[in-house]
Amino acid sequence: MTQLATPANGNQPAEAPQFHAGDALRLFRECFRALGDNIERVVVGKRDVVDLALIALFAEGHLLVEDVPGTGKTTLARAISASIDASWHRIQFTPDLLPSDITGVSMFRQTTNTFEFLPGPVFAHVVIGDEINRASPKTQSAMLEVMEEGRITVDGTTHEVPRPFIVIATQNPVDMSGTYPLPEAQLDRFLMRVTVGYPDLASEIAVASGAGGGATIEGLPVIATARHIQEFVQVARHRVGAAQPVVDYAVRLARATRENAHTRLGAGPRGSVALVRAARVRAAAQERNHILPEDVKALARPILTHRLLLAPDAELGGVTAADVLDEILDRVPAPQPTAAKGHA
Amino acid sequence: MSGPGIRRRGWSLVATTSAALCVGFAFRRVFGTGEVMLTAALSAIVPTIVVLACSGGPKRFVTDAEKARATRPLWPSLVLSALAWILVVSASLFRDRAVGHVLPTPSGMRDIAAAVVDAPKSILTTVLPAPTDGELLVLVSACVWVAALAGAELALRTGTVSLPALPALLALIVPVVLGVGGPGSNLPVVVAMIGAIGLLLLIRAPERLPPLGTALVGVPIVIALACVAALLGPNLPGTRTRRPPDLRDLVALPRPERLTGISPLDRISAWLMSPDQPMFSVDGPSAPDRYWRLTVLDRYDGSSWYPVRNLRATAGRVPESPDGRPPVLSTVVNTVTLRDLGDIWLPGTDRPTEVDAPGLRLRVDPDSGVIASGSGLRSGTRYRIDTRVPALDPDRLQFLPAAQDPANTALPESDATGRPIPALESLRAKATVATSGSTFPYQQALRLAQWLRANHRYDISAVPGHSYRNLQFFLETTKEGTSEQFATAFAVMARTLNLPSRVVVGFSAGREGANGVREVRSGDIVAWPEVEFEGVGWVPFFPTPGQATDSGARKQAPEQKTPATSAPAKPVTRAEKDREIAGQTRSGPAPDTATRSAAHRDGTRWWPFVAAGAGTGVVGYLAAAGIGPVLARRRRRRGDPREQVIGAWRQINDDLLGAGLRTSGSLTVGEIAEYGATRLPPEAGARLPGLASLVNDIAYGDRGIEQADADAAWRDRAIVAGAVRRIDGRPRPHVRAYRRMRPRSVALVFRSPDKGRE
């Protein structure tokens, strides 16, 4: 049995995938689709956002969900965690939250006469950070090391977080009073930033009427285990090739953001690396063993936009980062097909 | 293996040999065409054969390792080429010094080496065309040989397209530089070199068309380029009026081997006193009013006039005067037989073009046309001289300005102690009086000559000499002199008026004998001055009044016996016209109509050629835009199935341009397919996503492709093309024409298929 399927009942995954050379990508696609279908049962009408979130998951990146209240940001994060048989924690960021509230503390235990580390909520496969911009910068910075390196150092001792590890943070861009906007360094550590947006009319009616069986997050079946996810991460990383022209295209897009007149700061090399990495996941999700310029182009907006810092003139002129990226995508030549091959 | 294929590299030897031959052909201005071509041909073909044999003729390699093993070292080719060159030069150019007329001796090899080193300077001190001696032709052989050898090695050992032409282009510099001022033009050489390089590019360029197609497209382009160069090259602005830099101006000339040290001007009195000494005889047409020039004296130090010293070796050709080229009245050929003339100066005419003097080592002054012998003259020497008699038109001369020639207006102003020379002021004052009322330089010169004739007498017993003091004595006291005093006084006085002047010593036409041969004797010696005018050059004047002849009769004044009098169509002689001009009284300078009309005649009309060039460019561009899509479509259908599928996709891209697809280059394959699917009817649009997926798999994946896939892709393309032609809202014809004619579109269709569209 190598097929993944949504279990009809119970919250356990059907069976661990048995990878063979020929079916790894097919299993990846089925797992990806099954997870997407599962999440869409509670996040109705937002399949594209769901797919982007899953791409971030399989690319071992972190996701920043930005939107106004009531659009399902937290629901999306919780639905992802619920679909995976993996540990998850939710952190509600508030101004009085301390770094140790996230990372954990070392306590002296008198019975053993030793210090014992009590892990914080960040030690989970899926960490949901609600309203991350409400925490103080000091607390936000505590997330930096763990997001980038997957480990935390407390009292000189390094503690690894479990793999796979994804931080799904949400923030509300409207009610900005009493918030601390994320610094550029921290924004750069999110693989992508997505906006959920309001559902369309039909989806909103379906949600309001309880159509679809009234699925709840708690009732979602588990589709894959943490081990599945970790193996699929390796499939995307090692079984999907990247032709040199496509890699060049990704790099040229990232460089173009740095050379644009409207930007004060563009995407760094981390941006182009993230672009290729996410493109591999998107290709694997379509059962392709190679990435295409289309993959790069489709992912450029969610991956690069939040890395741009606009020049003051552009901001005053009403130019947005999305506008800049649209102009870059329209200007930078895409690689054209040739008979010559070259894989990176 | 990159670059042209093995067979093409072999064939490119034809082009490198042709380019080397062009180098030899370029020496035609130095030696003449017939003289150099045999040497050039030998020197171009032999090294090519040596290279072919030594560097391993074209071989087909399978792997890099085999290629490395098969590539032969360079040094055997270089050594054998050097030996072959010495052998060829010894057997052809140095035959008389070779053993058995073939093998070089040690001294012969030293001669060859010395000749290669000395040849450039020898050529630079020789009036072209240079003699075709082996010592000079060895330079031709060396240049052509090096060009052919280096070109052939580069052609066989490298894959570059144009590099093998570089040696020939560099070697071409040698004959072009040495040939400045030589007869003929470099234009045929340039055209031939363009042809050879075009041939090289055609052979070695990346294969985009089959050989026949390359020939059909490339050969007309190369011919068209050569024709454009041939038409435009000589008519580019400045090419006619600007004199190219000449190394001859920088080279020190060897001094003539024998000079007596006695100026012919100083011998006038002596020869007049013994007038019957036979100097030379002239056979051939010779009008009684023609003068024979012995030498020209253009430097004056206050006591003596000195003859020209810029004597260059020549094989017989006398170059045109750099100062101006008056219209030609007639061309005359004479044979001169020397008697008791002696010294080094050969009697010549104005202006000689060719001298054929067997046994004489000729020298010529390119400025004045004076001919000399490098080794002295012997009685009985015969030579032939061709003359182009200039037509001097007083109507034109009377309004011309004097030439700007500071060297020929210079006069010593002070003596050895630094004190001003009082005689000079006296001469200047007399010149001013003599020419008062003159408005133009020609009228000044005429009035000066007239004043001298009117106020002084001819006397062969007058005191010789032409220093300032002598001239002052002649003008103020004796008022008697020979042509020595009249001519030198005129020249010095003209210089005080800032008219460039010089003195010529020669002979009058002599007496015609019974057999039609004119005998020129010592009593016919005469000197006369010349003044230089802008655009015409040196014009003779005759200030000496009627003089006593050996027979005691009175001859007419020389000014009445000018070359212009031989023009049958002229109703008025120059002398009559000159008298009229000298007597005219003008209130001020007349409009310089003659000068202006002359300038108009000489002006370069460059605009027709610019228009022709622009027209050629436009026609070529339109042709490229017209045939470009056809060539591109044919090119895209060739190659392996992968290339054919990619070619079909590119063709669809071009087709979709006609359906409004934007050509920014930022669209991916999927986006183009998506555009086509929404824009075209379903039967065509539905085929695009599948084809786009196939194209992406080929370009970025590792999907195997069969010929059937390629055929299906081109069938899809045909359907898409048909659909594009039928859809509504297709851009209007002028929009389509604009898109096709854009430089970007033209460049795209000629681009290599592997470079992609950006």
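Just so we're clear, the structure is a prediction, and the values are computed from it rather than from any experiment. Along each chain, residues carry numbers from 1 onward, in the same order as the chain's sequence is written. Working convention: letters from A go to chains and numbers from 1 go to ligands, in the order in which they are written. Residues qualify for local features only when their pLDDT is at least 70, as the model is predicted, and side-chain atom pairs are given and counted only at 80 or more; totals for whole chains, interfaces and linings, by contrast, use all residues. The side-chain numbers reported here are obtained from all heavy atoms of the structure, hydrogens and water having been left aside.

Looking at helix H21 (residues 669-679) of chain B
Residues and elements named next belong to chain B.
- Burial classes follow relative accessibility: with a 1.4 Å probe on protein chains only, a residue under 20% of its type's maximum area counts as buried, one over 50% as exposed, and anything between as partly exposed. What counts as a helix is a DSSP run of H or I of at least four residues, what counts as a strand is a run of E of at least two, and both are numbered from the N terminus. Those residues of H21 not exposed but buried are Val669, Ile672, Ala673 and Gly676. The buried residues of H21 occupy an angular sector of 100° when the element is viewed end-on, so they sit on one face. Among the exposed residues of H21, those oriented more than 90 degrees off its buried face are Glu674 and Thr678. The arc in question is the one spanned by the directions pointing from the helix axis to the C-beta atoms.

A look at a nonpolar patch on the surface
- A cluster of nonpolar residues, Leu163, Leu166, Leu169, Leu170 and Ile173 of chain B, forms a patch on the protein surface that exposes about 410 Å² of accessible area.
- One can find Leu166 of chain B in helix H8 (residues 166-178). Like-charged residues are merged into a patch within 9 Å and nonpolar side chains (Val, Leu, Ile, Met, Phe, Trp, Tyr) within 5 Å, provided each residue has over 30% relative accessible area and no salt bridge. Here the open area of atoms and residues is found with the Shrake-Rupley method and a 1.4 Å probe, where only the protein chains shown may cover a residue. Each salt bridge in this description consists of a side-chain nitrogen of Lys or Arg and a carboxyl oxygen of Asp or Glu lying within 4 Å of one another.

Remarks on the interface of chain A and chain B
- Tallying the contact residues gives 25 residues for chain A and 28 residues for chain B.
- Once two parts are brought into contact, the accessible area they lose, counted with a 1.4 Å probe and summed over both, makes up the buried area. When chain A packs against chain B, the two sides together hide about 2000 Å² of surface, and 53% of this comes from carbon and sulfur.
- The interface formed by chain A and chain B contains 1 salt bridge.
- Notably, a salt bridge pairs Lys297 of chain A with Glu671 of chain B, separated by 2.7 Å at the nearest N-O pair.
- Polar contact is the term for a pair of N or O atoms within 3.5 Å; when the atoms are in protein, one must be able to donate a hydrogen and the other to accept it, and sequence-neighboring residues count only if both atoms are side-chain atoms. Across the chain A-chain B interface, the total number found is 11 residue pairs in polar contact (both at pLDDT 80 or more).
- Among the elements of the structure, helix H9 (244-259), helix H11 (293-304) and helix H13 (321-331) of chain A are those that each provide at least two residues to the side of chain A that touches chain B. By the convention used here, residues are in contact when the closest approach between their heavy atoms is within 4.5 Å.

Let's talk about the environment of Leu497 of chain B
Residue and element names in this part refer to chain B.
- Its place among the elements puts Leu497 in the loop between helix H16 (483-496) and strand S14 (501-507).
- Separated by 69 residues in the primary sequence, Leu497 and Arg428 place their C-alpha atoms 7.2 Å from one another.
- What Leu497 contacts, discounting residues up to four positions off in sequence, is Ala431, Thr432, Thr435 and Gln444.

Structural notes on helix H7 (residues 134-157) of chain B
- Compared with an ideal rise of 1.5 Å per residue, which puts 24 residues at 34 Å, H7 of chain B spans 33 Å between its outermost C-alpha atoms and is within 8% of the ideal.
- Judged by how many residues are buried, H7 of chain B sits mostly within the fold: 19 of 24 residues are covered. What a helix should span is 1.5 Å times the count of its residues minus one.

Digging into the pairing of strand S2 (residues 278-283) of chain B
All names here are of chain B.
- Two strands are said to pair when DSSP picks up at least two bridges between them. Sheet topology note: the S2/strand S16 (residues 518-521) ladder contains 4 bridges and is antiparallel. Counted as the bridge partner of Phe280 is Val520 from S16.
- Two strands pair when backbone bridges link them, and S2 and strand S6 (residues 328-338) are joined in this way by 4 bridges, in the antiparallel orientation. When the bridges of S6 are listed, Val282 appears paired with Val336.

Quick word on the pattern of salt bridges
Residues and elements named next belong to chain A.
- Within this structure, the stated rule accounts for 38 salt bridges over all chains.
- Close ionic contact of Arg47 with Asp37 constitutes a salt bridge, the shortest N to O distance being 2.6 Å. Remark: Asp37 occurs in helix H1 (residues 24-40) and Arg47 occurs in helix H2 (residues 47-58); sequence separation between them is 10 residues.
- Residue Asp130 pairs with Arg90 through a salt bridge whose shortest N-O separation is 2.1 Å.

Details of the packing of helix H20 (residues 641-657) of chain B against helix H23 (residues 687-700) of chain B
All names here are of chain B.
- At a minimum axis separation of 10 Å, H20 and H23 run at an interaxial angle of 135°. The orientation of H20 with respect to H23, classified from their angle, is oblique. Where H20 crosses over H23, the handedness of that crossing is left-handed. The segment H20 lies against H23, with Arg642, Val645, Ile646, Trp649 and Ile652 engaging Leu688, Leu691, Ala692, Leu694, Val695 and Ile698.
- Taken together, the residues that form the contact of H20 with H23 break down as 10 nonpolar, no polar and 1 charged. Orientation is described by axes fitted as lines to C-alpha atoms, over the contacting stretch for helices, and by angles from 0 to 180 degrees between their N-to-C directions. Every angle not falling under 35 degrees, over 145, or within 65 to 115 is termed oblique; those three ranges are roughly parallel, roughly antiparallel and roughly perpendicular. Left-handed is the label given to a crossing in which the near helix is rotated counterclockwise from the far helix by less than a right angle, and right-handed is the label when the rotation is clockwise. Note that Gly is not counted as nonpolar here; it falls among the polar residues with everything else outside the nonpolar set of Ala, Val, Leu, Ile, Met, Phe, Trp, Tyr, Cys and Pro and the charged set of Asp, Glu, Lys and Arg.

Focus: the side chain of Thr435 of chain B
- Note that Thr435 of chain B resides in the loop between helix H13 (422-434) and helix H14 (441-455).
- If we ignore the near neighbours within four places in the chain, the residues touching Thr435 of chain B are Gln444, Arg447, Leu448 and Leu497 of chain B.

Digging into the sheet that holds S6 of chain B
- Taken in spatial order, the 6 strands line up as S8-S11-S6-S2-S16-S15 (chain B) in an open sheet, and their pairing is antiparallel. Of all strands in the sheet, those bounded by a partner on one side alone are strand S8 (352-356) and strand S15 (511-512) of chain B.

A few points about the confidence of the model for chain A
- On average, chain A scores 82 in pLDDT, and the residues at 70 or more come to 90%.
- Scored below 50 in pLDDT, residues 1-19 of chain A makes 50 contacts in the model with residues more than four places away or belonging to other chains. pLDDT measures how confident the predictor is about each residue, on a scale from 0 to 100.

Let's talk about unusual backbone geometry
- In the segment running from Arg163 of chain A into Pro164 of chain A, the intervening peptide bond is cis, with an omega of -5°.
- Within the secondary structure layout, Pro164 of chain A lies in the loop between strand S8 (157-160) and strand S9 (166-171).
- Here the amide bond leading from Asp350 of chain B into Arg351 of chain B is cis, since omega sits at 5°, within 30 degrees of zero.
- Inspection of the secondary structure puts Arg351 of chain B in the loop between strand S7 (345-346) and S8.
- Phi at Asp155 of chain A takes a positive value of approximately 50°, unusual for a residue other than glycine.

A few points about the UniProt feature "transmembrane region" (unreviewed entry) in chain B
All names here are of chain B.
- Residues annotated in UniProt with the feature "transmembrane region" (unreviewed entry) correspond here to residues 36-54, 74-94, 136-156, 163-181, 187-205, 212-233 and 606-632.
- Helix makes up 100% of residues 136-156 and strand 0%, and the two end C-alpha atoms of the span are 31 Å apart.
- Between the end C-alpha atoms of residues 187-205 the distance is 26 Å, and the span holds 95% helix and 0% strand. UniProt positions are given in the numbering used here, feature names are shortened, and annotations may be inferred rather than shown by experiment.

Let's talk about the nonpolar core
- Here, nonpolar core means buried Ala, Val, Leu, Ile, Met, Phe, Trp, Tyr and Cys residues that are tied together by side-chain atoms lying within 4.5 Å of each other. Phe28, Phe58, Leu76, Met192, Leu253 and Leu275 of chain A are the most contacted members of the largest nonpolar core, which totals 86 residues.
- Membership of the second largest hydrophobic core comes to 85 residues, among which are Ala357, Trp451, Tyr458 and Phe541 of chain B.

Notes on the sheet that holds strand S10 (residues 192-194) of chain A
Residue and element names in this part refer to chain A.
- Within the open sheet, the 5 strands sit side by side as S3-S6-S9-S1-S10. Their pairing is parallel. A single partner strand is all that each edge strand has here, and the edge strands are strand S3 (88-92) and S10. Across this sheet, the average inter-strand angle for adjacent strands is 20°, counted without regard to direction.
- The pairing of S3 with strand S6 (residues 126-130) spans 5 bridges and is classified as parallel. Its bridge partner being in S6, Ile91 is matched across the sheet by Gly129.

Quick notes on the environment of Arg163 of chain A
Residues and elements named next belong to chain A.
- Positionally, Arg163 belongs in the loop between S8 and S9.
- Separated by 38 residues in the primary sequence, Arg163 and His125 place their C-alpha atoms 6.1 Å from one another.
- At 3.5 Å, the side chain of Arg163 and the side chain of Glu60 are in polar contact.

A few points about the pairing of S8 of chain A
All names here are of chain A.
- Pairing of strand S7 (residues 151-154) with S8 involves 4 bridges; the strand directions are antiparallel. Pairing of Thr153 across the sheet is with Thr158, part of S8.
- Between the end of S7 and the start of S8, which pair antiparallel, lie 2 residues, with Asp155 showing a positive phi angle near 50°.

Side note on the packing of H9 of chain A against H11 of chain A
Residue and element names in this part refer to chain A.
- Contact geometry for H9 and H11: axes closest at 10 Å, N-to-C directions at 30°. By the angle between their axes, H9 is roughly parallel relative to H11. Like other packed secondary-structure pairs, H9 and H11 cross with a definite hand, here right-handed. Across from Val246, Tyr249, Ala250, Leu253 and Thr257 in H9, the residues of H11 making contact are Pro293, Val296, Lys297, Ala300 and Leu304.
- When its residues are assigned to classes, the contact of H9 with H11 shows 8 nonpolar, 1 polar and 1 charged.

Brief notes about the packing of aromatic side chains
Residues and elements named next belong to chain A.
- The criterion for an aromatic pair is that two Phe, Tyr or Trp rings (for Trp, the six-membered ring) have centres within 6.5 Å, with stacked assigned to planes under 30 degrees apart, edge-to-face to planes over 60 apart and tilted to the rest. Evaluation of the coordinates by the stated rule reveals 22 aromatic pairs over all chains.
- Judged by centre distance (4.9 Å) and plane angle (50°), the ring pair of Phe28 and Phe58 falls under tilted. Of the two residues, Phe28 is situated in helix H1 and Phe58 in helix H2; the sequence distance between them amounts to 30 residues. In this structure, Phe28 and Phe58 share a single accessibility class: buried.
- With centroids separated by 5.5 Å and ring planes inclined at 85°, the aromatic side chains of Phe28 and Phe232 adopt a geometry described as edge-to-face. With Phe28 in helix H1 and Phe232 in helix H8 (residues 226-238), this residue pair connects regions lying 204 residues apart in the sequence.
- A connected cluster of aromatic rings, assembled from ring pairs, spans Phe28, Phe32, Phe58 and Phe232.

Here's the deal with the environment of Asp716 of chain B
- Examined against the element boundaries, Asp716 of chain B turns out to sit in helix H24 (residues 707-726).
- In the structure, Asp716 of chain B is positioned 33 residues away from Glu683 of chain B in sequence and 9.8 Å away in space, judged by C-alpha atoms.

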